[in-house]
Amino acid sequence: MGVSQMSLPAAEGHEEYDEARAGAGAALPPERYLDREESWLRFNERVLELAEDESVPLLERVRFLAIFATNLDEFFMVRVAGLVRRMVAGFPVEGTGVQLPGQVLENTLELAGKLTVRHARAFSERIATELAEHGIEILRWKELSAGERDTLGDLFRQRIYPVLTPLVVDPAHPFPFISGLSLNLAVMIADPRTDATVFARVKVPPLLPRFLAVSQNRFVPIEDVIAAHLTDLFGDVEIIEQHAFRVTRIRDLEVDEELTENLLQAMERELVRRRFEPAVRLEVEETMSADVLERLVTELDIDKRAVYRVPGPLDLSGLFTLADLNFGELRYPAFVPSTRAVSQDNSIFTAIAERDILVHHPYDSFAASVERLIDEAADDPRVLAIKQTLYRTSGQSPIVDALIDAAEAGKQVVVVVEIKARFDERANIAWARKLEEAGCHVVYGFVGLKTHAKMALIVREEPDGTLRRYCHLGTGNYHPTTARIYEDYGLLTADPAVGEDVTALFNHLTGYSRTKVYQRLLVAPESLRAGIVSRINQQAERHRAGQPARIAFKTNALVDEAVVDALYRASQAGVPVDLWVRGICALRPGIPGVSEHIRVRSVLGRFLEHSRIYAFGTDEDEDGEVWISSADMMHRNLDRRVELAVQVVDRGHQQGLRRFLDIGMDDGTSSWWLNADGYWTRHSRDEAGNPLRDVQETLVRERRVRSADD
């Protein structure tokens, strides 16, 4: 099990890092950090295990195959690309460990290759067969009937042929640029005039369906249809061979904000430029000849270790379309989110003024809580101002529409739009322009920092003439579509302390004011890491003093060395530490004398576990604290983003959050357990072979029971 060689750019120089190392306990071993790249790949392996799990509904398994594919695409575009860039520039790999960057890259490419082949075979050898048993067929050209081939031939001539551009490579035509994630055909043709063998490339049109419908629930990959009609493109030549291939390129944006006056225009230019970034992966059909493959490798100048031969079809991200087929019995049962979290009898402002409200999506309706808050604020004549951050939102966003309505009604509307949200840059640029045109004040945050905090502030004049601030702070994006499939928490509150904190933070984002001390918030990059580490250390001190102590986290990633080392020290002091980590975890549990008091679990399933919860102390501890946050414990979140954590002070809410953490960590819950060697072991059945509790289905059932009681 490898660990990466990383410097400490984020941790060194921070007082809290020194504080984390200062606790009592044995020296921490040098190989205490797991390699983050391998840890991420192990996360995607867990996604693949769900696709291979026959107890999961079939079309949901198809969806997990598509999720695995898109996850791996992003991993190469960002993480592998980052490794390559650092090696070329001579920088160490980000993090701390004992392996050299070249070793990390080699291990990463090897494991990614094994998972790529396993993924392709899971589809071709298992899931495709099971789909056929239910009347859903993914066929290759040779499997089609003569009539079906004729039908597709007509479709080719009418819809596909007009947009194809065959590109031949010869002395007069250089090798063409292959755009990232495009699907292509490498074609070898024999010129009858010269008997020469010529290479040609045909790009599969990206805007056409990945799988073409032959008839109801019968599909064929689009490249098969193109391959069958290559003579229509090249004329009277002999097609010697043709094979599909796909290239992945670096896709992380680099904009020098120090030299850029108009960040919006710079981002638009960068979106055009990044199509030409270097290639970091080449996927080819396993039938491709060695000569053709060598030609591609040479022309693309790609590391041979990043070349993967797999059984076709390539690009299984297109399986999302099949996963959405209307076969109810092959899908998860329909689920309607509860609308009970916020009273429907009065104004939402009345409900929030009475008490803090904690909503848990997707179990609690996003539309009936967060969307409703912004809608009512836009319509309420007593509302004077709305301020909100937008990191990601949907194509048809009710929240954006409400903000525009509010601005047109004369309310002051301030929107902090993060146009550098990875892979959503184009959409966010469009929203920014639309909001500006409607009269909203649009701010793009700080130079050098992404604004990832999720918060909304509404200033309302009450009937007695006083002004009151209503806030929403969440762990997830203001995105109505993902709110139905992402698990997240949101706090709705009129607490004056939170209102003052959020007002100060917005003033920090839009002006020059700078607040370092907040009442109920921890804010990155100033105080979030320090606040988390100090609270970890406090639990260690409590345990040494014989007082109740416990630490329980739920996060998407745990990488930051200062936080990891503080958790190790707490374990050395004897504090029970429970870590519910969806993705990357750099901490090794179960090391004698270091982390034997630490358990690490991971839950994957129908919904994406996305919330971040940081709990300190026990239910019996009156000084215990529970926080929800937009931030993972990673360098980028703690050092290079504006993030926030808000303290949940209502005792009932605290108990509910702790109960949720306890269910996720319980031995009777289906989950993966992290071992000290970095491998994850799935625990999904008890000793008698019965399924363990599904935490997500448990919460779905609870909401159904509550709805039935209405």
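Definitions and limits used
- Residues numbered from 1 in each chain as written.
- Predicted model: local features only at pLDDT ≥ 70, side-chain atom pairs only at ≥ 80, totals over all residues.
- Heavy atoms only, no water.
- 1 Å grid on protein atoms, 1.4 Å probe; cavity = no way out; pocket = protein on both sides within 12 Å on 5 of 7 lines; lining within 4 Å.
- Points joined across faces, edges and corners; volume = space filled by probe spheres on them.
- Helix = DSSP H or I, 4+ residues; strand = E, 2+ residues; numbered from the N terminus.
- Nonpolar A, V, L, I, M, F, W, Y, C, P; charged D, E, K, R; others polar.
- Pairing = 2+ DSSP bridges.
- Axes fitted to C-alpha atoms, helices over the stretch in contact; angles between N-to-C directions.
- Contact = heavy atoms within 4.5 Å.
- Parallel < 35°, antiparallel > 145°, perpendicular 65-115°, else oblique.

Asker: It is not clear to me how empty space enclosed by the protein should be interpreted in this structure. Could you clarify?
Answerer: Empty pockets left among the atoms are what a rolling probe the size of a water molecule brings to light. Enumeration according to the criterion identifies two cavities of 30 Å³ or more in this entry. As a volume, the largest cavity reaches approximately 160 Å³. What lines the largest cavity is a set of 16 residues, and nearest its centre among them are Thr 116, His 119, Glu 283, Asp 315 and Leu 316. Going through the elements one at a time, α3 (58-89), α4 (101-133) and β10 (279-285) are the ones with two or more residues in the lining of the largest cavity. Residue contributions to the lining of the largest cavity peak at four residues, all from α3. Across the lining of the largest cavity, the residue classes break down as nine nonpolar, two polar and five charged. If you add up the space inside the second largest cavity, you get close to 110 Å³. In terms of lining, the second largest cavity is formed by 14 residues, of which the most central are His 361, Phe 366, Gly 476, Asn 477 and Asp 488. Contributing elements (two or more residues each) for the lining of the second largest cavity: β18 (467-474) and β19 (486-493).

Asker: Mind showing me how you'd approach the sheet that holds strand β5 (residues 183-190) here?
Answerer: Pairing between sheet strands relies on hydrogen bonds along the backbone, with the strands arranged either parallel or antiparallel. Spatial ordering of the open sheet is given by β4-β6-β5-β9-β10-β11, a layout of six strands whose pairing is mixed. Whereas interior strands pair on both sides, the edge strands pair on one side only; in this sheet they are β4 (167-169) and β11 (307-310). Within the sheet, the average angular offset between the axes of one strand and its neighbour, ignoring direction, is 30 degrees. Judged from the seven bridges that link them, β5 and strand β6 (residues 197-203) form a sheet pairing that is antiparallel. Note that in β6 the partner of Val 187 across the bridge is Ala 200. Set on the sheet, helix α9 (residues 290-300) makes contact with β4, β5, β6, β9 (238-249), β10 and β11; between it and β10 the angle comes to about 165 degrees.

Asker: Would you mind showing me how to read the packing of helix α2 (residues 36-52) against α4 here?
Answerer: Helices that pack against each other are described as a pair by the angle of their axes relative to one another and the distance between those axes. In the contact formed by α2 and α4, the axes pass within 10 Å of each other and the chain directions differ by 5 degrees. As far as their axial angle goes, α4 and α2 are roughly parallel. Between α2 and α4, the contacting residues are Glu 37, Glu 38, Leu 41, Arg 42, Glu 45, Leu 48, Glu 49, Ala 51 and Glu 52 on the first element and Val 104, Thr 108, Leu 111, Ala 112, Leu 115, Arg 118, His 119, Ala 122, Arg 126 and Ile 127 on the second. In terms of residue class, the contact of α2 with α4 is built from nine nonpolar, two polar and eight charged.

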